[in-house]
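# Coordinate analysis (summary)
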Amino acid sequence: MPFIFSKVTPKISEEQEQVLKTRLGKAIKLVPGKSEEYLLLGFEDEYHLWLRGDNSQPIAYIQANIFGNEGHLGYDAFSLEATKIFHEVLGIPEDRIYINYTDIPDWAVGGMNVDRNRYY
């Protein structure tokens, strides 16, 4: 079960959010065994981010939390596609889009731990 949370400096319109949701839902398939069916997304816009002491240009920080993929399969392809998506939809320069991956060894939902062999 992946959770992709982004903090971006530009404002995200409702239309842009829908495009991001749709395109990230397709992009997550680049990670083997992952799909939009179990994808959790979060967007935080107008976030105050500074890079090298400067906040005059748009920036994106994307946290991709991936359950059950310790081998990091598909991360390179997903990184390229996610960067392309945020650049095209929000106009953020590609060299100002940062993606941090976190391996999730355990996950719970509805008070129950998730069996990694059953859910992705």
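The structure under discussion appears in the preceding block.
Only a predicted model underlies this, so the values are computations on that prediction, with no experimental measurement involved. (Residues numbered from 1 in each chain as written. Predicted model: local features only at pLDDT ≥ 70, side-chain atom pairs only at ≥ 80, totals over all residues. Heavy atoms only, no water.)

## A word on the environment of Phe 43
With respect to the secondary-structure elements, Phe 43 resides in strand S2 (residues 40-44). Residue Phe 43 is classed as partly exposed on the basis of its relative accessible area of 22%. When the C-alpha atoms of Phe 43 and Ile 12 are compared, they prove to be 8.4 Å apart, with 31 residues separating the residues in sequence. (Helix = DSSP H or I, 4+ residues; strand = E, 2+ residues; numbered from the N terminus. Buried < 20%, exposed > 50% of the residue type's maximum accessible area, 1.4 Å probe, protein only.)

## A closer look at the pattern of salt bridges
The final tally for this structure, using the stated rule, is three salt bridges. A salt bridge links Asp 45 to Lys 11; the shortest N-O distance between them is 3.6 Å. In this pair, Asp 45 is assigned in the loop between S2 and strand S3 (60-67) and Lys 11 in the loop between strand S1 (3-8) and helix H1 (14-27), connecting sequence segments 34 residues apart. Look at Asp 45 and you get partly exposed, because its relative accessible area is 23%. (Salt bridge = Lys/Arg side-chain N within 4 Å of Asp/Glu carboxyl O.)

## A closer look at the packing of H1 against helix H2 (residues 75-90)
As a packed pair, H1 and H2 sit with axes 10 Å apart at the nearest point and diverge in direction by 165 degrees. In terms of orientation, H1 and H2 fall into the roughly antiparallel class. Between H1 and H2 the crossing geometry is right-handed. Between H1, through Gln 16, Val 19, Leu 20, Arg 23, Leu 24 and Ala 27, and H2, the contact on the second element is made entirely by Phe 78, Glu 81, Ala 82, Lys 84, Ile 85, Phe 86, Glu 88, Val 89 and Leu 90. Class assignment for the residues of the contact of H1 with H2 results in 10 nonpolar, one polar and four charged. (Axes fitted to C-alpha atoms, helices over the stretch in contact; angles between N-to-C directions. Parallel < 35°, antiparallel > 145°, perpendicular 65-115°, else oblique. Left-handed = near helix turned anticlockwise from the far one by under 90°. Contact = heavy atoms within 4.5 Å. Nonpolar A, V, L, I, M, F, W, Y, C, P; charged D, E, K, R; others polar.)

## A word on the sheet that holds S2
Taken together, the four strands give an open sheet; going across it, the order is S2-S1-S3-S4, and neighbouring strands pair in mixed fashion. If you trace the sheet from one side to the other, it starts and ends with S2 and strand S4 (97-104), each paired once. Mean inter-strand twist for the sheet, computed between neighbouring axes without regard to direction, equals 10 degrees. With eight bridges connecting them, S3 and S4 associate as parallel partners. Following the sheet pairing, Phe 67 is matched in S4 by Ile 104. Here H2 sits on the sheet in contact with S1, S2, S3 and S4, set at roughly 140 degrees to S4. (Pairing = 2+ DSSP bridges.)

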